[in-house]
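# Understanding the architecture of this molecule
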Amino acid sequence: MMLQTLLMGLALALHGASPSRAQVPIQANFDASQSELDSSLGDRERAPIHLLIQLQAGVCWVGLQAPGSCLPLLRPQAGCVVAVPRFRVRVEVAQGLPSAPPVTPLQFQGTWYVVGVVSDDQGFLDSKDNMKMPVALVTLLANGDLHLKFGYPTPDGRCQKTEETLTRGAVDGQFSNAAMEQADVRVVSTDYEHFAVLYLETQKGGARNVWLQLYARAPELFPEGAQKMQQLAPQVGLNPSQGALLPKSDQCAGAF
């Protein structure tokens, strides 16, 4: 209801805006699929621009898509406010991830096993059938960042170790790692004792990819965690064929 009211305001704002820009607040719970508005601009300039509003874990993401181009999703820091030109606009609302309380990093610390992954990243899709179960050690740093150590079983029987630090974001429970091109990392579901589902968004070479990773405290599939990831996958545009359950390996046993 709030978003429906707001989008009515969006229509009025665009109809009466100056030819430059209009500042439009975006809110939640609009139940219509789309709305089209016309301006007094010429036909060539009135090509439709798609405004995508996506609610993910309580954060509003906004993106613009014009014919022949697609701008990256933007995340306003102070409420959901976006500047849009005075064009004919089609508004679409996507489900995205459900709202969830931010993870408690202190409880998230410790050893985890990555037992399942689903992603639209082509590199992952090409290699997923040959992957084995990595192990991870998560440590909370004094500044609120998360330090992760990973042990990856390699095809030649070794354990390759890597480390990375996830920088705490402006939104509670959100992290990023610019060096790894991870623009958004969040724990979207966990009971801390048995499983956790992580959402990751990467930006590589201008391409945006999304990931869901299923963590478990033991090197085995935890049914509730698998069910959560299965429920979340279609909400972020992923399907079962893009996923893999990773076989257990003792190559990294005792790595940390």
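See above for the structure.
What comes next concerns the included structure. (Residues numbered from 1 in each chain as written. Predicted model: local features only at pLDDT ≥ 70, side-chain atom pairs only at ≥ 80, totals over all residues. Heavy atoms only, no water.)

## Regarding the side chain of D184
- Inspection of the secondary structure assignment puts D184 in strand β13 (residues 182–190).
- What makes D184 buried here is its relative accessible area of 0%.
- Engagement of the side chain of D184 in a polar contact is seen with the side chain of Q174, the distance being 2.9 Å. (Helix = DSSP H or I, 4+ residues; strand = E, 2+ residues; numbered from the N terminus. Buried < 20%, exposed > 50% of the residue type's maximum accessible area, 1.4 Å probe, protein only. Polar contact = N/O pair within 3.5 Å; in protein donor to acceptor, adjacent residues only side chain to side chain.)

## Re the packing of aromatic side chains
- Summed over all chains, the structure comprises five aromatic pairs.
- Measuring from centroid to centroid gives 6.2 Å for W112 and Y215, while their planes differ by 55 degrees, and the two rings are tilted. Of this pair, W112 sits in strand β8 (residues 110–119) while Y215 sits in strand β15 (residues 207–216), and the two are 103 residues apart along the sequence.
- Under the relative-accessibility criterion, W112 is labelled buried at 0%.
- A relative accessible area of 1% means that Y215 is categorised as buried.
- With 5.5 Å between their ring centres and 55 degrees between their planes, F124 and W211 make a pair best called tilted. (Phe/Tyr/Trp six-rings, centres within 6.5 Å; stacked < 30°, edge-to-face > 60°.)

## A few points about unusual backbone geometry
- Even without being glycine, E181 reaches a positive phi, approximately 60 degrees.
- You can call E181 partly exposed: its relative accessible area is 36%.
- Of note, the phi angle at Y192 is positive, near 70 degrees, even though the residue is not glycine.
- Positionally, Y192 belongs in the loop between β13 and β14 (195–204).

## A closer look at the state of the cysteines
- Under the defined criterion, the tally for this structure stands at one disulfide.
- Note on cysteine connectivity: C159 is disulfide-linked to C252, with sulfurs 2.1 Å apart. Measuring the twist about the S-S bond at about 110 degrees, one finds the C159-C252 disulfide to be right-handed. Taken together, the residues C159 in strand β11 (residues 159–168) and C252 in the segment after β16 (243–245) connect sequence positions 93 residues apart.
- C252 gets classed as buried once you look at its relative accessible area, which sits at 7%. (Disulfide = S-S within 2.5 Å.)

## Here we look at the pairing of strand β12 (residues 174–177)
- Alignment of β11 against β12, held across two bridges, turns out to be antiparallel. Among the inter-strand pairings, R168 is bridged to a residue of β12, identified as F175.
- Connecting the antiparallel pair β11 and β12 is a turn made up of five residues, with G173 showing a positive phi of about 85 degrees.
- Pairing of β12 with β13, which is carried by three bridges, proceeds in the antiparallel orientation. In the strand pairing of β13, Q174 is matched with R186.
- Taking the residues that link successive antiparallel strands as the turn, the β12-β13 hairpin has four residues, and the phi of E181 there is positive, at about 60 degrees. (Pairing = 2+ DSSP bridges.)

## Observations concerning the nonpolar core
- By size, the foremost hydrophobic cluster in this structure holds 39 residues, and its most contacted members are F108, V197, L212 and Y215.
- Residue assignment for this core shows that the elements contributing at least two residues are β8, β9 (135–140), β10 (146–153), β13, β14, β15 and α4 (223–232).
- If sequence neighbours within four positions are ignored, F108 has contacts with V103, V138, L146, V187, Y192, A196, L198, Y215 and R217. (Core = buried A, V, L, I, M, F, W, Y, C linked by side-chain atoms within 4.5 Å. Contact = heavy atoms within 4.5 Å.)

## Considering the pattern of salt bridges
- All told, the structure shown has four salt bridges when counted by the stated rule.
- The closest approach of N and O atoms between K128 and D129, which form a salt bridge, is 3.6 Å.
- The buried category is assigned to K128, whose relative accessible area is 14%.
- Given a relative accessible area of 68%, D129 falls into the exposed group.
- The shortest N-O distance in the salt bridge between R208 and E201 comes to 3.2 Å. (Salt bridge = Lys/Arg side-chain N within 4 Å of Asp/Glu carboxyl O.)

## Some details on the pairing of β8
- Most of β8 is tucked away: seven of the ten residues are buried.
- Sheet analysis places β8 next to β9, joined by four bridges and oriented antiparallel. Bridge assignment links G110 to a residue of β9, and that residue is V138.
- Pairing between β8 and β16: three bridges, direction antiparallel. Counterpart to V118 in the pairing with β16 is G243.

## Quick look at the side chain of Q242
- Tracing the backbone shows Q242 in the loop between α4 and β16.
- Residues within four places of Q242 in sequence aside, it is in contact with V117, V118, S119, D120, F124, L125, K128 and G237.

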